[in-house]
Amino acid sequence: MHPKRRPILAGNWKMNMTATQTRDLASKLVPLVANVKDRDIVLGPPFTSIAAAADVIRGTNIGLAAQNLHWEDKGAFTGEISADMLLDSGCKYVIIGHSERRQYFGETDETVNKKVKQALKKGLLPIMCVGETLAEREAGKLNEVIGRQVTGGLKDVSADDMKKVVIAYEPVWAIGTGKTATPEQANEVHALIRGKVRSLYTADIAEGIRIQYGGSVTPENVSQLMAKPDIDGALVGGASLKPDSFAALVNFK
Ligand code: PEP
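Here the structure is a predicted model, which means the values were calculated and not measured.

Caption draft 1: Expanded view of the packing of helix α1 (residues 19–32) against helix α2 (residues 50–57). The contact between α1 and α2 brings their axes to 8 Å, and the two run at 25 degrees. Comparing their axes, α2 and α1 come out roughly parallel. The chirality of how α1 crosses α2 is right-handed. In this structure, α1 contributes A19, T22, R23, A26, S27 and V30 to the contact, and α2 contributes A52, A53, V56 and I57. Among the residues making up the contact of α1 with α2, the classes are represented as 7 nonpolar, 2 polar and 1 charged.

Structural data, given as structure tokens:
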């Protein structure tokens with residue numbers, strides 16, 4: 001954590017939570033985090049539950065994220081969701097390029113870049129995910145992979161727009177595996193990402209942007225991760241699906 005950067009804790013529900021379950025979870029969560037003022041809290045329900053979540057969290061300190069969007073404004077793109085649809089449903093953020101989308105749905109640095117630019121054009125705040133696989137890490141390709149994902153994802157994003165981007169570092173080997181990167185390992189890559197942003201933009205922009213860590217974050221390990229200078233938040237899968245654990249995580253000391 002850094003005094004200049006406001007922590008951002010986001011839950012990525014993935015393909016979990018019907019609208020009914022969403023109402024229940026969000027209603028339980030709201031009072032548990034009502035006193036939080038110094039950090040951003042974000043929920044990322046699946047598309048069909050966004051309206052239910054928006055209903056429950058209206059007027060609270062919780063923001064809404066979608067888990068994906070399409071890069072075109074509208075048209076013949078069966079099964080896709082546009083930025084206007086997300087804005088109209090109450091979303092402020094959108095998660096882009098999650099490793100599951102890269103791995104199973106053909107997401108590439110090029111499509112991530114198109115989506116980041118579309119989100120920014122429309123006024124959604126992108127949470128752009130990057131991260132290496134275990135094979136890439138073991139082959140000594142960490143710098144190369146992260147550098148390529150950051151540069152590719154941010155291609156042609158202006159300096160002004162860059163200030164609105166959140167980057168999530170999610171080592172693929174730590175997602176849903178119970179295997180967290182150590183705070184030192186995570187901070188090292190966060191510093192690498194910040195350095196990359198510095199080289200693409202300016203030192204000021206690099207110092208200002210928020211970089212979340214994701215990968216088996218729990219109420220038990222969040223404080224040690226957040227104690228590191230380059231870790232500005234968490235993107236949380238499993239532990240965001242229960243109101244008590246997500247609230248405990250948000251309320252880290
Ligand atoms: C994620 O989905 O972004 C994630 C980090 O999942 P988990 O916390 O379950 O590892």
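Caption draft 2: Structural detail: the pairing of strand β3 (residues 62–66). With 5 of its 5 residues buried, β3 lies for the most part within the structure. Taking every second residue as pointing to the same face, both faces of β3 are buried, with I62, L64 and A66 on one and G63 and A65 on the other. Looking at chain direction, strand β2 (residues 40–44) and β3 are connected through 3 bridges and run parallel. For L43, the partnering residue across the bridge sits in β3 and is L64. Between the parallel pair β2 and β3, the chain is carried across by α2, and the sense of this crossover is right-handed. Pairing analysis gives 2 bridges linking β3 to strand β4 (residues 93–96), with the strands arranged parallel. Its bridge partner lying in β4, A65 is registered against Y93.

Caption draft 3: Up close: unusual backbone geometry. Not every positive phi belongs to a glycine, and K14 is a case in point at roughly 55 degrees. By the secondary structure assignment, K14 is in the loop between β1 (8–12) and α1. Here M17, not a glycine, exhibits a phi torsion of approximately 85 degrees, which is positive.

Caption draft 4: How the structure looks around the site of the ligand. In the neighbourhood of the ligand, 14 residues make up the surrounding shell, with K14, E170, G176, S216 and G237 lying closest. G238 is positioned such that a nitrogen or oxygen atom in its backbone is 2.8 Å from an oxygen atom of the ligand. Protein coverage of the free-state accessible area of the ligand, which is 290 Å², stands at 95%. Its residues assigned to classes, the shell around the ligand shows 4 nonpolar, 8 polar and 2 charged.

Caption draft 5: Spotlight on the nonpolar core. Counting residues in hydrophobic clusters, the biggest one holds 66 residues, and the most contacted among them are M162, I193, V197 and Y213. When residues no more than four places from it in sequence are discounted, the contact partners of V197 are V150, M162, I167, T202, I205, A206 and I209. Core analysis: the next-biggest nonpolar cluster, separate from the first, contains 11 residues, Y93, I95, V166 and L235 among them.

Caption draft 6: Looking closely at the environment of R5. Tracing the chain through its elements places R5 in the segment before β1. With near-sequence residues (within four places) excluded, R5 lies in contact with R194, E207, G208, I209, R210, P229, D230 and D232. Here the side chain of R5 touches E207 through a polar contact of 2.6 Å, landing on its backbone oxygen. There is a polar contact of 3.0 Å between the side chain of R5 and the backbone oxygen of P229.

Caption draft 7: How the structure looks around the side chain of R39. Relative to the helices and strands, R39 resides in the loop between α1 and β2. We classify R39 as buried; its relative accessible area is 13%. Of the polar contacts made by the side chain of R39, one reaches the backbone oxygen of F252; its length is 2.8 Å. Apart from the residues lying within four places of it in its own chain, the contact partners of R39 are R6, P7, L9, V250, N251 and F252.

Conventions we followed
Residues numbered from 1 in each chain as written. Predicted model: local features only at pLDDT ≥ 70, side-chain atom pairs only at ≥ 80, totals over all residues. Heavy atoms only, no water. Axes fitted to C-alpha atoms, helices over the stretch in contact; angles between N-to-C directions. Helix = DSSP H or I, 4+ residues; strand = E, 2+ residues; numbered from the N terminus. Parallel < 35°, antiparallel > 145°, perpendicular 65-115°, else oblique. Left-handed = near helix turned anticlockwise from the far one by under 90°. Contact = heavy atoms within 4.5 Å. Nonpolar A, V, L, I, M, F, W, Y, C, P; charged D, E, K, R; others polar. Buried < 20%, exposed > 50% of the residue type's maximum accessible area, 1.4 Å probe, protein only. Pairing = 2+ DSSP bridges. Right-handed = clockwise from strand over helix to strand, strands pointing away. Near = heavy atom within 4 Å. Polar contact = N/O pair within 3.5 Å; in protein donor to acceptor, adjacent residues only side chain to side chain. Areas by Shrake-Rupley, 256 points an atom, 1.4 Å probe, with all protein chains shown as cover. Core = buried A, V, L, I, M, F, W, Y, C linked by side-chain atoms within 4.5 Å.

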